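Structure at a glance
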Amino acid sequence: MRVLIDILHPAHVHFFRNFYAEMTEAGHDVCITARDKDRSVELLQAYNLPYQQLSVQRTGAGLAVELAQRTGRLLKVMGTFRPDVMTGIMGPSIAVAGALRRVPSVVFYDTEFAVQTNRFVYPLAHSVCTPDCYQGRVPGRHVTYAGYHELAYLHPNRFQPDPARLASFGIDPDEPFSLVRFVSWQAVHDRSERALTLEQKRNLVEVLQRSGRVLISSEAPLSGDLADLAVRGPVEQIHHLIAHAQAIVGESATMSSEAAVLGVPAVYLATTGRGYTDDEEARYGLVRHFTPERYDDAVAALEEILAAPRASWEAARAKLLAEKIDVTGWMVDYFESTFAARRTG
(Lines give C-alpha, C1' and ligand atoms only; values in the text may rest on other atoms or scores of the structure.)
Protein backbone atom coordinates (compact mmCIF):
# COMPACT_ATOMS: atom_id res chain seq x y z
CA MET A 1 0.00 0.00 0.00
CA ARG A 2 0.87 3.66 -0.38
CA VAL A 3 -0.34 5.44 2.75
CA LEU A 4 -0.31 9.20 3.39
CA ILE A 5 -0.41 10.42 7.01
CA ASP A 6 -1.37 14.05 7.66
CA ILE A 7 -0.13 15.59 10.93
CA LEU A 8 -1.92 18.66 12.33
CA HIS A 9 -0.82 18.71 16.00
CA PRO A 10 2.09 17.46 18.13
CA ALA A 11 -0.13 14.75 19.67
CA HIS A 12 -0.73 13.36 16.19
CA VAL A 13 2.99 12.63 15.83
CA HIS A 14 2.81 10.37 18.86
CA PHE A 15 -0.40 8.74 17.66
CA PHE A 16 0.98 7.78 14.26
CA ARG A 17 4.71 7.21 14.82
CA ASN A 18 4.43 3.52 15.76
CA PHE A 19 1.94 2.97 12.94
CA TYR A 20 4.47 4.54 10.54
CA ALA A 21 7.23 2.25 11.82
CA GLU A 22 5.16 -0.93 11.57
CA MET A 23 3.74 -0.13 8.15
CA THR A 24 7.12 0.72 6.64
CA GLU A 25 8.67 -2.38 8.22
CA ALA A 26 5.91 -4.44 6.59
CA GLY A 27 6.90 -3.06 3.19
CA HIS A 28 4.27 -0.36 2.70
CA ASP A 29 5.22 3.09 1.37
CA VAL A 30 4.29 5.85 3.80
CA CYS A 31 4.40 9.61 3.25
CA ILE A 32 3.95 12.16 6.06
CA THR A 33 2.64 15.68 5.51
CA ALA A 34 2.71 18.13 8.41
CA ARG A 35 1.42 21.36 9.84
CA ASP A 36 3.80 23.43 11.96
CA LYS A 37 1.82 23.84 15.19
CA ASP A 38 3.32 24.20 18.64
CA ARG A 39 6.14 21.59 18.50
CA SER A 40 4.85 19.18 15.86
CA VAL A 41 7.77 19.67 13.46
CA GLU A 42 10.25 19.46 16.32
CA LEU A 43 8.77 16.10 17.30
CA LEU A 44 8.90 14.75 13.75
CA GLN A 45 12.56 15.69 13.60
CA ALA A 46 13.28 14.19 17.03
CA TYR A 47 11.84 10.85 15.90
CA ASN A 48 13.63 11.05 12.53
CA LEU A 49 10.35 10.89 10.65
CA PRO A 50 10.56 12.26 7.09
CA TYR A 51 7.86 14.81 6.30
CA GLN A 52 6.70 17.50 3.91
CA GLN A 53 5.46 20.66 5.63
CA LEU A 54 2.24 22.02 4.14
CA SER A 55 1.43 24.98 6.39
CA VAL A 56 2.09 26.92 9.58
CA GLN A 57 -0.67 27.27 12.17
CA ARG A 58 -2.88 30.31 11.76
CA THR A 59 -5.58 31.51 14.14
CA GLY A 60 -8.92 33.26 13.88
CA ALA A 61 -9.95 34.15 10.33
CA GLY A 62 -6.58 32.84 9.13
CA LEU A 63 -7.68 29.26 9.82
CA ALA A 64 -9.83 29.20 6.68
CA VAL A 65 -6.93 30.56 4.61
CA GLU A 66 -4.62 27.93 6.08
CA LEU A 67 -7.08 25.12 5.34
CA ALA A 68 -7.35 26.19 1.70
CA GLN A 69 -3.56 26.43 1.45
CA ARG A 70 -3.04 23.04 3.08
CA THR A 71 -5.58 21.32 0.88
CA GLY A 72 -4.10 22.76 -2.31
CA ARG A 73 -0.60 21.68 -1.34
CA LEU A 74 -1.86 18.26 -0.28
CA LEU A 75 -3.39 17.75 -3.72
CA LYS A 76 0.04 18.39 -5.24
CA VAL A 77 1.67 15.85 -2.93
CA MET A 78 -1.02 13.33 -3.84
CA GLY A 79 -0.24 13.84 -7.50
CA THR A 80 3.37 12.83 -6.87
CA PHE A 81 2.98 10.18 -4.16
CA ARG A 82 -0.27 8.65 -5.51
CA PRO A 83 -1.60 7.30 -2.18
CA ASP A 84 -3.98 4.35 -2.00
CA VAL A 85 -5.36 5.69 1.29
CA MET A 86 -4.87 8.75 3.50
CA THR A 87 -5.27 9.09 7.24
CA GLY A 88 -5.12 11.69 9.97
CA ILE A 89 -6.74 12.94 13.14
CA MET A 90 -9.68 15.33 12.62
CA GLY A 91 -8.87 15.23 8.89
CA PRO A 92 -10.33 18.31 7.14
CA SER A 93 -7.67 18.43 4.40
CA ILE A 94 -7.51 14.70 3.71
CA ALA A 95 -11.30 14.40 3.63
CA VAL A 96 -11.68 17.21 1.08
CA ALA A 97 -8.68 16.22 -1.05
CA GLY A 98 -9.63 12.56 -0.87
CA ALA A 99 -13.15 13.27 -2.07
CA LEU A 100 -11.82 15.37 -4.95
CA ARG A 101 -9.34 12.69 -6.05
CA ARG A 102 -11.42 9.66 -5.07
CA VAL A 103 -8.79 8.47 -2.60
CA PRO A 104 -10.26 7.00 0.61
CA SER A 105 -9.53 8.90 3.80
CA VAL A 106 -9.59 7.30 7.24
CA VAL A 107 -10.25 9.88 9.94
CA PHE A 108 -9.41 9.19 13.57
CA TYR A 109 -11.08 11.43 16.12
CA ASP A 110 -12.20 11.52 19.74
CA THR A 111 -13.56 15.06 20.22
CA GLU A 112 -17.34 15.05 20.06
CA PHE A 113 -18.02 18.76 20.42
CA ALA A 114 -15.90 19.81 17.41
CA VAL A 115 -19.26 19.95 15.65
CA GLN A 116 -18.35 22.45 12.95
CA THR A 117 -15.41 20.41 11.65
CA ASN A 118 -17.04 17.01 12.12
CA ARG A 119 -20.16 18.07 10.24
CA PHE A 120 -18.31 18.45 6.94
CA VAL A 121 -15.41 15.99 7.47
CA TYR A 122 -17.27 12.86 8.53
CA PRO A 123 -19.55 12.48 5.46
CA LEU A 124 -16.53 12.87 3.12
CA ALA A 125 -14.39 10.22 4.82
CA HIS A 126 -14.22 6.58 3.80
CA SER A 127 -14.42 5.72 7.50
CA VAL A 128 -14.31 7.47 10.86
CA CYS A 129 -12.52 5.54 13.61
CA THR A 130 -13.24 6.45 17.22
CA PRO A 131 -12.85 4.96 20.70
CA ASP A 132 -15.91 2.93 21.62
CA CYS A 133 -16.65 5.46 24.38
CA TYR A 134 -17.13 8.23 21.78
CA GLN A 135 -20.42 9.97 22.51
CA GLY A 136 -21.09 11.77 19.23
CA ARG A 137 -23.03 10.78 16.13
CA VAL A 138 -20.99 9.71 13.11
CA PRO A 139 -22.77 9.59 9.72
CA GLY A 140 -21.42 7.06 7.27
CA ARG A 141 -18.98 4.25 8.12
CA HIS A 142 -18.25 4.43 11.84
CA VAL A 143 -15.59 2.02 13.14
CA THR A 144 -14.91 1.74 16.87
CA TYR A 145 -12.19 0.15 18.98
CA ALA A 146 -11.79 -0.51 22.70
CA GLY A 147 -9.12 2.03 23.47
CA TYR A 148 -8.03 5.66 23.56
CA HIS A 149 -5.76 7.58 21.19
CA GLU A 150 -3.09 7.61 23.86
CA LEU A 151 -2.90 3.80 23.85
CA ALA A 152 -1.42 4.00 20.33
CA TYR A 153 1.85 5.14 21.92
CA LEU A 154 1.60 4.59 25.68
CA HIS A 155 0.36 0.99 25.79
CA PRO A 156 3.00 -1.19 27.53
CA ASN A 157 3.72 -2.82 24.16
CA ARG A 158 4.88 0.59 22.93
CA PHE A 159 6.29 2.43 25.93
CA GLN A 160 8.08 1.69 29.19
CA PRO A 161 8.73 4.59 31.61
CA ASP A 162 12.42 5.10 32.34
CA PRO A 163 13.33 7.05 35.52
CA ALA A 164 16.79 7.74 34.08
CA ARG A 165 15.15 10.05 31.51
CA LEU A 166 14.10 12.47 34.27
CA ALA A 167 17.62 13.86 34.53
CA SER A 168 17.21 15.60 31.16
CA PHE A 169 14.41 17.64 32.78
CA GLY A 170 16.46 18.43 35.87
CA ILE A 171 14.48 16.00 38.05
CA ASP A 172 15.87 13.45 40.47
CA PRO A 173 14.01 10.09 40.28
CA ASP A 174 13.36 10.20 44.03
CA GLU A 175 12.07 13.78 43.94
CA PRO A 176 8.26 14.19 44.22
CA PHE A 177 6.83 16.49 41.56
CA SER A 178 3.61 17.34 39.74
CA LEU A 179 3.02 18.58 36.22
CA VAL A 180 0.64 21.38 35.20
CA ARG A 181 -0.55 21.85 31.61
CA PHE A 182 -2.03 25.06 30.20
CA VAL A 183 -3.28 25.34 26.61
CA SER A 184 -3.71 28.29 24.24
CA TRP A 185 -7.39 27.65 23.32
CA GLN A 186 -6.78 28.54 19.65
CA ALA A 187 -8.49 25.56 18.01
CA VAL A 188 -11.85 25.99 16.26
CA HIS A 189 -13.54 23.73 18.81
CA ASP A 190 -12.16 25.79 21.72
CA ARG A 191 -14.48 28.75 21.17
CA SER A 192 -16.76 27.80 24.06
CA GLU A 193 -13.86 27.33 26.47
CA ARG A 194 -12.87 29.69 29.26
CA ALA A 195 -9.23 29.62 30.31
CA LEU A 196 -8.18 29.55 33.93
CA THR A 197 -7.41 32.97 35.33
CA LEU A 198 -3.87 33.90 36.29
CA GLU A 199 -4.95 33.86 39.95
CA GLN A 200 -6.28 30.30 39.57
CA LYS A 201 -3.10 29.16 37.84
CA ARG A 202 -1.00 30.59 40.65
CA ASN A 203 -3.23 28.95 43.24
CA LEU A 204 -2.89 25.53 41.54
CA VAL A 205 0.87 25.85 41.71
CA GLU A 206 0.72 26.79 45.40
CA VAL A 207 -1.45 23.76 46.23
CA LEU A 208 0.84 21.38 44.35
CA GLN A 209 4.00 22.84 45.86
CA ARG A 210 2.89 21.66 49.30
CA SER A 211 3.61 18.11 48.10
CA GLY A 212 6.71 18.66 46.00
CA ARG A 213 8.15 20.42 43.01
CA VAL A 214 5.94 21.79 40.22
CA LEU A 215 6.69 21.92 36.50
CA ILE A 216 4.52 23.75 33.96
CA SER A 217 3.97 22.86 30.31
CA SER A 218 2.21 25.70 28.51
CA GLU A 219 1.27 26.48 24.90
CA ALA A 220 0.82 30.15 25.77
CA PRO A 221 3.55 32.35 27.33
CA LEU A 222 3.72 32.19 31.13
CA SER A 223 3.62 35.19 33.44
CA GLY A 224 6.95 36.23 34.91
CA ASP A 225 6.43 34.57 38.29
CA LEU A 226 5.51 31.24 36.67
CA ALA A 227 8.05 31.27 33.85
CA ASP A 228 10.80 29.78 36.04
CA LEU A 229 8.64 26.65 36.47
CA ALA A 230 8.42 25.95 32.72
CA VAL A 231 9.40 22.44 31.64
CA ARG A 232 12.83 22.40 30.07
CA GLY A 233 13.93 19.21 28.40
CA PRO A 234 13.55 17.09 25.26
CA VAL A 235 9.96 17.31 24.06
CA GLU A 236 9.97 13.72 22.79
CA GLN A 237 10.71 12.47 26.33
CA ILE A 238 7.74 14.19 28.02
CA HIS A 239 5.88 10.93 28.66
CA HIS A 240 8.65 9.69 30.95
CA LEU A 241 8.04 12.86 32.95
CA ILE A 242 4.28 12.31 33.04
CA ALA A 243 4.68 8.67 34.09
CA HIS A 244 6.70 9.58 37.20
CA ALA A 245 4.60 12.57 38.34
CA GLN A 246 2.43 12.49 41.44
CA ALA A 247 -0.42 14.11 39.52
CA ILE A 248 -1.25 15.95 36.33
CA VAL A 249 -3.52 18.98 36.46
CA GLY A 250 -4.62 21.51 33.88
CA GLU A 251 -6.56 22.30 30.75
CA SER A 252 -5.49 19.50 28.40
CA ALA A 253 -7.76 16.51 27.84
CA THR A 254 -4.98 14.76 25.92
CA MET A 255 -2.40 15.06 28.69
CA SER A 256 -5.01 14.01 31.25
CA SER A 257 -5.66 10.85 29.23
CA GLU A 258 -1.93 10.26 28.79
CA ALA A 259 -1.57 10.39 32.55
CA ALA A 260 -4.51 8.03 33.05
CA VAL A 261 -3.17 5.27 30.80
CA LEU A 262 0.17 5.58 32.62
CA GLY A 263 -1.52 5.19 36.00
CA VAL A 264 -1.09 8.82 37.09
CA PRO A 265 -4.21 10.62 38.39
CA ALA A 266 -5.28 13.74 36.53
CA VAL A 267 -7.50 16.72 37.28
CA TYR A 268 -8.87 18.13 34.03
CA LEU A 269 -10.22 21.70 34.08
CA ALA A 270 -12.27 22.74 31.04
CA THR A 271 -15.80 23.73 30.11
CA THR A 272 -16.23 20.76 27.78
CA GLY A 273 -15.58 17.10 28.46
CA ARG A 274 -14.73 14.18 26.20
CA GLY A 275 -16.11 10.67 25.92
CA TYR A 276 -12.69 9.26 26.71
CA THR A 277 -12.06 11.39 29.81
CA ASP A 278 -15.58 10.56 31.01
CA ASP A 279 -14.77 6.86 30.49
CA GLU A 280 -11.46 7.15 32.35
CA GLU A 281 -13.28 8.87 35.21
CA ALA A 282 -16.33 6.60 35.45
CA ARG A 283 -14.58 3.24 34.93
CA TYR A 284 -11.19 3.79 36.51
CA GLY A 285 -11.24 7.01 38.56
CA LEU A 286 -7.99 8.13 36.94
CA VAL A 287 -9.36 11.44 35.61
CA ARG A 288 -11.46 13.98 37.47
CA HIS A 289 -13.13 16.56 35.23
CA PHE A 290 -14.30 19.94 36.52
CA THR A 291 -15.52 23.07 34.74
CA PRO A 292 -13.76 26.34 35.66
CA GLU A 293 -16.88 27.31 37.63
CA ARG A 294 -16.14 24.34 39.91
CA TYR A 295 -12.55 25.36 40.49
CA ASP A 296 -12.77 24.98 44.29
CA ASP A 297 -14.06 21.41 43.87
CA ALA A 298 -11.15 20.70 41.55
CA VAL A 299 -8.66 21.89 44.16
CA ALA A 300 -10.33 19.72 46.82
CA ALA A 301 -10.11 16.70 44.51
CA LEU A 302 -6.48 17.47 43.81
CA GLU A 303 -5.70 17.52 47.53
CA GLU A 304 -7.41 14.12 47.92
CA ILE A 305 -5.39 12.71 45.03
CA LEU A 306 -2.08 13.90 46.48
CA ALA A 307 -2.95 12.23 49.80
CA ALA A 308 -3.92 8.87 48.23
CA PRO A 309 -1.48 5.93 48.03
CA ARG A 310 0.19 5.31 44.66
CA ALA A 311 -0.89 1.66 44.78
CA SER A 312 -4.53 2.63 44.26
CA TRP A 313 -3.68 4.25 40.92
CA GLU A 314 -1.57 1.27 39.86
CA ALA A 315 -4.54 -1.02 40.43
CA ALA A 316 -6.79 1.27 38.41
CA ARG A 317 -4.30 1.25 35.54
CA ALA A 318 -4.09 -2.55 35.62
CA LYS A 319 -7.87 -2.70 35.21
CA LEU A 320 -7.73 -0.20 32.34
CA LEU A 321 -5.06 -2.17 30.48
CA ALA A 322 -6.97 -5.41 30.95
CA GLU A 323 -10.01 -3.89 29.24
CA LYS A 324 -8.36 -1.80 26.51
CA ILE A 325 -6.24 -2.65 23.46
CA ASP A 326 -2.94 -1.78 21.82
CA VAL A 327 -4.40 0.76 19.38
CA THR A 328 -1.44 0.75 16.98
CA GLY A 329 -1.80 -2.99 16.47
CA TRP A 330 -5.49 -2.49 15.75
CA MET A 331 -4.70 0.28 13.23
CA VAL A 332 -2.24 -1.87 11.30
CA ASP A 333 -4.73 -4.72 11.14
CA TYR A 334 -7.52 -2.40 9.98
CA PHE A 335 -5.51 -0.82 7.17
CA GLU A 336 -4.03 -4.09 5.93
CA SER A 337 -7.35 -5.94 5.98
CA THR A 338 -9.35 -3.07 4.44
CA PHE A 339 -7.05 -1.41 1.93
CA ALA A 340 -4.39 -3.97 0.97
CA ALA A 341 -7.14 -6.23 -0.36
CA ARG A 342 -8.63 -3.31 -2.27
CA ARG A 343 -5.26 -2.52 -3.88
CA THR A 344 -4.52 -6.11 -4.94
CA GLY A 345 -8.08 -6.45 -6.17
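Right, let's walk through the structure included here.

Reading guide: rules and limits
Here, residues in each chain are numbered from 1, in the same order as that chain's written sequence. Selection of residues for local features in this predicted model requires a pLDDT of at least 70, selection of side-chain atom pairs for listing and counting requires 80 or more, and totals for whole chains, interfaces and linings are taken over all residues. As a convention, hydrogens and water are excluded, and side-chain values are obtained from all of the structure's heavy atoms. Put simply, DSSP marks the helices as runs of H or I at least four residues long and the strands as runs of E at least two long, and each gets a number from the N terminus on. As used in this structure description, the phrase polar contact means that two N or O atoms lie within 3.5 Å; if the pair is within protein, one of them must be able to donate a hydrogen and the other to accept it, and residues adjacent in sequence are counted only when both atoms belong to side chains. Note on contacts: a residue pair qualifies if any of its non-hydrogen atoms lie within 4.5 Å across the two residues. Two strands pair under a simple rule: DSSP has to find at least two bridges between them. To obtain each axis, a line is fitted to C-alpha atoms, and for helices this fit is confined to the stretch in contact; angles are then taken between N-to-C directions over 0 to 180 degrees. Both site types are read off a 1 Å grid over the protein atoms alone. A 1.4 Å probe that fits but cannot get out defines a cavity, while an open set with protein on both sides within 12 Å along at least five of seven lines defines a pocket; lining residues have an atom within 4 Å of a point. Grid points are joined across faces, edges and corners, and a volume is the space filled by probe spheres set on the points. Any residue outside Ala, Val, Leu, Ile, Met, Phe, Trp, Tyr, Cys, Pro, Asp, Glu, Lys and Arg is labelled polar, Gly included; the first ten of those are nonpolar and the last four are charged. Side-chain rings of Phe, Tyr and Trp, where Trp is taken by its six-membered ring, are said to pair if the distance between their centres is within 6.5 Å; with planes under 30 degrees apart they count as stacked, over 60 as edge-to-face, and otherwise as tilted. The rule is simple: take the accessible area with a 1.4 Å probe, protein chains only, and divide by the maximum for that residue type; under 20% is buried, over 50% is exposed, in between is partly exposed. Charge-over-ring placement is defined geometrically: NZ (Lys) or CZ (Arg) within 6 Å of the ring centre, and within 35 degrees of the ring normal. Classification remark: right-handed applies to a crossover when, strands pointing away from the viewer, the course from the first strand over the helix to the second runs clockwise.

Turning next to the side chain of Asp326. With respect to the helices and strands, Asp326 occurs in the loop between helix H12 (310-323) and helix H13 (327-344). Looking at Asp326, its side chain comes within polar contact range of the side chain of Arg158, at 2.9 Å. With residues near it in sequence (within four places) discarded, Asp326 still touches Leu151, His155, Asn157 and Arg158.

The parallel open sheet is built from five strands, whose spatial order is S9-S8-S10-S11-S12. The open sheet terminates on both sides in strands that have one partner only, identified here as strand S9 (213-218) and strand S12 (287-290). Between one strand and the next, the sheet's axes are offset by a mean angle of 20°, whatever the strand orientation. As paired elements, strand S10 (residues 248-250) and strand S11 (residues 266-269) share three bridges and run parallel to each other. Of the residues in S11, the one forming a bridge with Gly250 is Tyr268. Lying over the sheet, helix H10 (residues 275-284) contacts S11 and S12, oriented at roughly 120° with respect to S12. Helix H11 (residues 295-307) rests against strand S8 (177-182), S10, S11 and S12 of the sheet, and its axis sits at about 165° to S12.

Another aspect to go through is the environment of Val85. As for its position among the elements, Val85 is in strand S4 (residues 85-89). When the C-alpha positions of Val85 and Phe159 are compared, they lie 27 Å apart, and in sequence the two are 74 residues distant. Once you skip the residues sitting within four places of it in the chain, Val85 turns out to touch Arg2, Val3, Leu4, Val103, Pro104, Val106, Phe335 and Phe339.

A word on the sheet that holds strand S3 (residues 52-56). The sheet built from seven strands is open, its strands ordered S3-S2-S1-S4-S5-S6-S7 with parallel pairing. Each edge of the open sheet is held by one strand with a lone partner, namely S3 and strand S7 (142-145). Sheet twist, expressed as the average angle between the axes of neighbouring strands with direction ignored, equals 20°. Pairing geometry for S4 and strand S5 (residues 105-108), over four bridges, is parallel. Across the sheet, residue Ile89 finds its bridge partner in S5, namely Phe108. Helix H1 (residues 10-25) rests against strand S1 (2-7), strand S2 (29-36), S4 and S5 of the sheet, and its axis sits at about 165° to S1. Strand contacts of helix H3 (residues 62-81): S1, S2, S3 and S4, with the helix running at about 165° to S3, the strand carrying the most contacts.

Attention shifts here to empty space enclosed by the protein. In total, this model carries one cavity of 30 Å³ or more according to the counting rule given. By volume, the largest cavity is sized at about 30 Å³. Considering the residues around the largest cavity, the lining is formed by Ile5, Ile7, Val13, Phe16, Arg17, Tyr20, Ile32, Leu44 and Leu49. Taken together, the elements giving at least two residues each to the lining of the largest cavity come down to S1 and H1. Here the residues of the lining of the largest cavity are counted per class, giving eight nonpolar, no polar and one charged.

Glancing now at the packing of aromatic side chains. Throughout the structure, instances matching the rule amount to eleven aromatic pairs. Pairing Phe15 with Phe16 gives two aromatic rings, centres 4.8 Å apart and planes at 90°, and the pair type is edge-to-face. Phe16 gets classed as buried once you look at its relative accessible area, which sits at 2%. Pairing Phe16 with Phe108 gives two aromatic rings, centres 6.1 Å apart and planes at 80°, and the pair type is edge-to-face. With Phe16 in helix H1 and Phe108 in strand S5, this pair connects stretches of sequence that are 92 residues apart. Accessibility classification places Phe16 together with Phe108 in one group, the buried group. Taken together, the ring pairs connect Phe15, Phe16, Phe19, Phe108, Tyr145, Trp330, Tyr334, Phe335 and Phe339 into an aromatic cluster. For Arg2, the ring lying beneath its charged end belongs to Phe81, and the centroid distance is 4.4 Å.

Right, let's get into unusual backbone geometry. Positive phi values are uncommon outside glycine, yet Asn48 reaches one of about 55°. Among the structural elements, Asn48 can be located in the loop between helix H2 (40-46) and S3. The exposure class assigned to Asn48 is exposed, which follows from its relative accessible area of 67%.

With five of five residues buried, S4 is to be regarded as a mostly interior element. Neither face of S4 is open: one carries Val85, Thr87 and Ile89, the other Met86 and Gly88, and all of them are buried. Alignment of S1 against S4, held across four bridges, turns out to be parallel. Note that in S4 the partner of Ile5 across the bridge is Thr87. Tracing the backbone out of S4, into helix H4 (residues 92-101) and back to the parallel element S5 gives a crossover that is right-handed.

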